[in-house]
There are 2 protein chains.
Amino acid sequence: MRQSTLFSKTRREPPQDEVSKNAILLIRAGFINKEMAGVYDFLPLGLRVINKIIGIIRDEMNALGAREILMSSLQRKELWEKHFNQDRWDDAKVDNWFKTKLKDGGELGLGFTHEEPISNMLEQFVSSYKDLPFAVYQFQTKFRNETRAKSGIMRTREFIMKDLYSFNIDESAHQEFYEKAKESYKKIFERVGLGDKTYITKASGGTFSEFSHEFQTLTSAGEDIIYITDEEKKEAINKEIGGESDGREEKAVEVGNIFTLGTKFSDPHLKFKDESGKEQHVFMGSYGIGPARLMGTLAEIMSDDKGLMWPVAVAPFQLHILSLENDSMAEDIYKKLEANGIEVLLDDRDLRAGEKFADADLIGIPYQVIVGKKSQDSDLLEVKERATGETKELTLDQLVKTIKG
Amino acid sequence: MRQSTLFSKTRREPPQDEVSKNAILLIRAGFINKEMAGVYDFLPLGLRVINKIIGIIRDEMNALGAREILMSSLQRKELWEKHFNQDRWDDAKVDNWFKTKLKDGGELGLGFTHEEPISNMLEQFVSSYKDLPFAVYQFQTKFRNETRAKSGIMRTREFIMKDLYSFNIDESAHQEFYEKAKESYKKIFERVGLGDKTYITKASGGTFSEFSHEFQTLTSAGEDIIYITDEEKKEAINKEIGGESDGREEKAVEVGNIFTLGTKFSDPHLKFKDESGKEQHVFMGSYGIGPARLMGTLAEIMSDDKGLMWPVAVAPFQLHILSLENDSMAEDIYKKLEANGIEVLLDDRDLRAGEKFADADLIGIPYQVIVGKKSQDSDLLEVKERATGETKELTLDQLVKTIKG
């Protein structure tokens, strides 16, 4: 993409109404726009990152054999009030509902999660043990009426969430899937570039079960405290159920969670006949990841005083060409790299070299190719790695290989 | 995909609470689920169709040079009330808002369109004529508090909309883009399979301009009346501004619309300095398509008493293998076709042949390969085209060529 055709711009000064590092950097670099506290828009660069993260998660969900669906945000009151005897409609029990009204009467909610509607929907499809097991997931916009909304895109009032739900005949079958889901989650955090700093963390199971597991990534921007119990296995325990004696204390952000729900949301309606013909309730689990929270976490962790530093797998573009003094050569390299399947942003704007360097470091595309005077005399490209600052001279083929890994 | 792993099922009986043909067929075939009147979930087959349609629209938007973004649903009251002197916050002026409340006070709206927030957002990026022209688009969930919600997925209270907004220095530059957008829209409707029945229709410009253009597709399920003024050029006029003397009267559904907004949403805030240094307001246009409405229209038009008949370009799968009496051969064909880049649904369920035939016709994947006894003796595959009912014997290579066109 030619940067001259990208309507968004960088800004030198931080926005005045932001305290979180991720939002400040992402706004300055032109990735997001703030609509109001806790509500952001994704500009082209930001949307590309979100879509890369979504692509990785989708990949791993499909590898798990889960099927993708898309449910509504609008929620019927009755379903949450009575259907599963949970009464999560009640504001005293769930304190972050956004509610609204139908014009022809009747109250609706904006879904903050989907256990109730998905269990209800599945009643029509599940009747026998032969219909199980399966798992479904979606990338769907959740609404949560947060009072704290000071963590940039790590905690917002409206966000795309990947929610996965599993349906098994019993606890042991569930446990098998749960372990597979854990492995999928590990792969996801590794692939987006957070593997090193992410700990599988034993946490409270809430009202559903004794324990759940969170994936916690170390960052001072996190709202959680964890104790690292095994550095090698990357295991930890959340402060809510652990104590100082359990290990090293760290601040961390919950980038994913997996829950055993049991039959809380299948009792009494979602049931099947087992092999002996006896009615049983489906055994459920739920598994969440917020792509924008991963993006915010990456911005917190992978950045320096010059700006962002995206890992190749989630970068908005893999390569940034800075055309300084030889536009036709830059254009030529741009076309060749795109033909090689590399995603390239070409800075073809009429700006001073210093401004282009500063913008490129702020935006944080992992590789920069600087096309200046020197480039005219040689087949070697001057390639700077954003994260390390190292500069190398590479042929076009070497560069393609470096990026594609 | 193996059909045995697809949790959704077909049903023989129509749902009792639906009157629209598209919803009845799509529910029976397991493409969608009804949450409440005017609110539907997309099951795996339905989501695949929606994503195919979105892919085609995105393709054409990118070819136009438009940049993709994603804005929030939650809307600040102030922006709609005062910012552009439109006061579209007022329920007396806009009668389909869903509104909600922040926990810490303050009313919010759920966006039914995005002219106000996008103009507001762009103020930070536009200051000179050099920043123009550009266009941005999104696939974003809109909310509309409809009282009429009886047209299945053709008119719903919550739906993904592709909204494109264009920004130009003046009316003549705008007009040039507007004509290009018209051509993009024509391509989109041709590619999804609605080209033959879709008419570019002169309509009222509402409060924005004298005229707008709608893309109207002929169907008895449509809520509009148009008069066809030129059959060859596929031109028509909407009854709201036309009369019987203009041409042949038809019922039609508005599958897309394009609007000249002028400076209604840029005045007074979104402005730029022209070449002479004089301040001007940006000249805007907006352009909408609802992917689910296209899907519903396809279901209305391309169906018979046996079920749906998807065009290849938007079908959930391109090919349906019905494994009747030779599972290992079916499996073999399945793998070979997938290796050739064909999207295949393999009916590997333990059901009678008659049920598989009926389900395949209901689901409406364009090509069916029947793997029965006969298939054992020959290298030729028995291929049925769903739309025509014609059966041919083809080699695997011939089949791949037929599908890929």
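Residues numbered from 1 in each chain as written. Chains lettered and ligands numbered in written order. Predicted model: local features only at pLDDT ≥ 70, side-chain atom pairs only at ≥ 80, totals over all residues. Heavy atoms only, no water.

Draft legend 1. Fine view of the overall build of chain A. What chain A contains, in helices and strands, is nine helices and 23 strands. C-alpha atoms of chain A, sized along the principal axes, occupy 80 × 45 × 45 Å. Considering only contacts in chain A between residues 6 or more positions apart, those separated by 24 or more positions represent 67%. Of the roughly 16,700 Å² of accessible surface on chain A, 45% is carried by carbon and sulfur atoms. Averaging the locations of the 57 positively and 70 negatively charged side chains of chain A gives two centres separated by 2 Å. (Helix = DSSP H or I, 4+ residues; strand = E, 2+ residues; numbered from the N terminus. Contact = heavy atoms within 4.5 Å. Areas by Shrake-Rupley, 256 points an atom, 1.4 Å probe, with all protein chains shown as cover. Lys, Arg positive; Asp, Glu negative; His and termini not counted. Charge placed at Lys NZ, Arg CZ, Asp CG, Glu CD.)

Draft legend 2. View of the packing of helix α1 (residues 21–28) of chain A against helix α6 (residues 291–301) of chain A. Residues and elements named next belong to chain A. Where α1 contacts α6, the axes come no closer than 8 Å and their chain directions differ by 90 degrees. In terms of orientation, α1 lies roughly perpendicular with respect to α6. When α1 is examined against α6, the residues Lys 21, Asn 22, Leu 25 and Leu 26 are found in contact with a partner set consisting of Met 295, Gly 296, Ala 299 and Glu 300. Along the lines of polarity and charge, the residues of the contact of α1 with α6 split into four nonpolar, two polar and two charged. (Axes fitted to C-alpha atoms, helices over the stretch in contact; angles between N-to-C directions. Parallel < 35°, antiparallel > 145°, perpendicular 65-115°, else oblique. Nonpolar A, V, L, I, M, F, W, Y, C, P; charged D, E, K, R; others polar.)

Draft legend 3. Inspection of the pattern of salt bridges at higher detail. Residue and element names in this part refer to chain A. This structure, assessed with the given rule, holds 68 salt bridges over all chains. Its salt-bridge partner being Arg 88, residue Glu 115 comes within 2.9 Å of it at the nearest N-O pair. On the criterion of sequence distance, the pair formed by Glu 115 in helix α4 (residues 115–122) and Arg 88 in the loop between α3 (77–81) and β5 (98–101) is long-range, its members being 27 residues apart. A network of salt bridges, in which partner residues are shared, links Glu 231, Lys 234, Arg 248 and Glu 250. (Salt bridge = Lys/Arg side-chain N within 4 Å of Asp/Glu carboxyl O.)

Draft legend 4. Looking closely at the side chain of Thr201(A). All names here are of chain A. Mapped onto the elements, Thr 201 comes out in strand β9 (residues 198–204). Engagement of the side chain of Thr 201 in a polar contact is seen with the backbone oxygen of Tyr 199, the distance being 3.0 Å. Discounting residues that sit within four places of it in the chain, Thr 201 has contacts with Ser 212, His 213, Glu 214, Gln 216, Ile 226, Ala 236, Ile 237 and Asn 238. (Polar contact = N/O pair within 3.5 Å; in protein donor to acceptor, adjacent residues only side chain to side chain.)

Draft legend 5. Fine view of the interface of chain A and chain B. With 53 residues of chain A at the interface, the matching set in chain B holds 53 residues. In this assembly, chain A and chain B are joined by six salt bridges. The salt bridge involving Asp131(B) is made with Lys9(A); its shortest N-O contact spans 3.0 Å. The interface formed by chain A and chain B contains 30 residue pairs in polar contact (both at pLDDT 80 or more). In terms of residue class, the side of chain A that touches chain B is built from 27 nonpolar, eleven polar and 15 charged.

Draft legend 6. Inspection of the pairing of strand β20 (residues 344–347) of chain B at higher detail. Residues and elements named next belong to chain B. Neither face of β20 is exposed, since Val 344 and Leu 346 on one face and Leu 345 and Asp 347 on the opposite face are all buried. Here strand β19 (residues 319–323) pairs with β20 via four bridges, running parallel. Across the sheet, residue Leu 322 finds its bridge partner in β20, namely Asp 347. Handedness of the crossover joining β19 and β20 through helix α7 (residues 327–339): right-handed. (Buried < 20%, exposed > 50% of the residue type's maximum accessible area, 1.4 Å probe, protein only. Pairing = 2+ DSSP bridges. Right-handed = clockwise from strand over helix to strand, strands pointing away.)

Draft legend 7. How the structure looks around the pairing of β5(A). All names here are of chain A. Two elements, β5 and strand β6 (residues 107–110), share four bridges in a ladder whose sense is antiparallel. Within β6, the position partnered with Lys 101 by the bridge is Glu 107. The antiparallel pairing of β5 with β6 creates a hairpin that spans five residues between the two strands, and Gly 105 there sits at a positive phi of about 95 degrees.

Draft legend 8. Structural context of the sheet that holds strand β21 (residues 367–371) of chain A. All names here are of chain A. The strand order across the open sheet formed by five strands is β20-β19-β21-β22-β23, and the pairing between neighbours is mixed. Strands at the two margins of the open sheet, each flanked by one partner only, are β20 (344–347) and β23 (391–394). Adjacent strand axes in the sheet meet at a mean angle of 25 degrees, parallel and antiparallel pairs treated alike. In the sheet, β21 pairs with strand β22 (residues 381–385) via four bridges, with the strands oriented antiparallel.

Draft legend 9. Molecular detail of the relation of the copies chain A and chain B. Note on the identical chains: chain A maps onto chain B by a rotation of 180 degrees and an axial translation of 0.0 Å, with an RMSD of 0.0 Å. Viewed as a symmetry operation, the transformation between the two copies matches a two-fold axis. The position closest to the rotation axis in chain A is occupied by the C-alpha of Thr100(A), lying 2.5 Å away. Taken together, the interface assignments show that 100% of the residues at the interface of chain A recur at the interface of chain B, consistent with an identical surface on both copies. (Least-squares fit on C-alpha atoms with pLDDT ≥ 70 in both.)

Draft legend 10. Here's a closer look at the sheet that holds β5(A). Residue and element names in this part refer to chain A. In spatial order, the strands read β4-β6-β5; together these three strands make up an open sheet with antiparallel pairing. Taken across any chain shown, the strands that pair with only one partner, and hence form the sheet edges, are β4 (74–76) and β5. If you compare each strand with its neighbour and ignore which way they point, the axes differ by 40 degrees on average.

Draft legend 11. Representation of the environment of Asp90(B). Locating Asp90(B) in the fold gives a position in the loop between α3 (77–83) and β5 (98–101). Distance in space between the C-alpha atoms of Asp90(B) and Trp80(B) is 8.6 Å, their sequence separation being ten residues.

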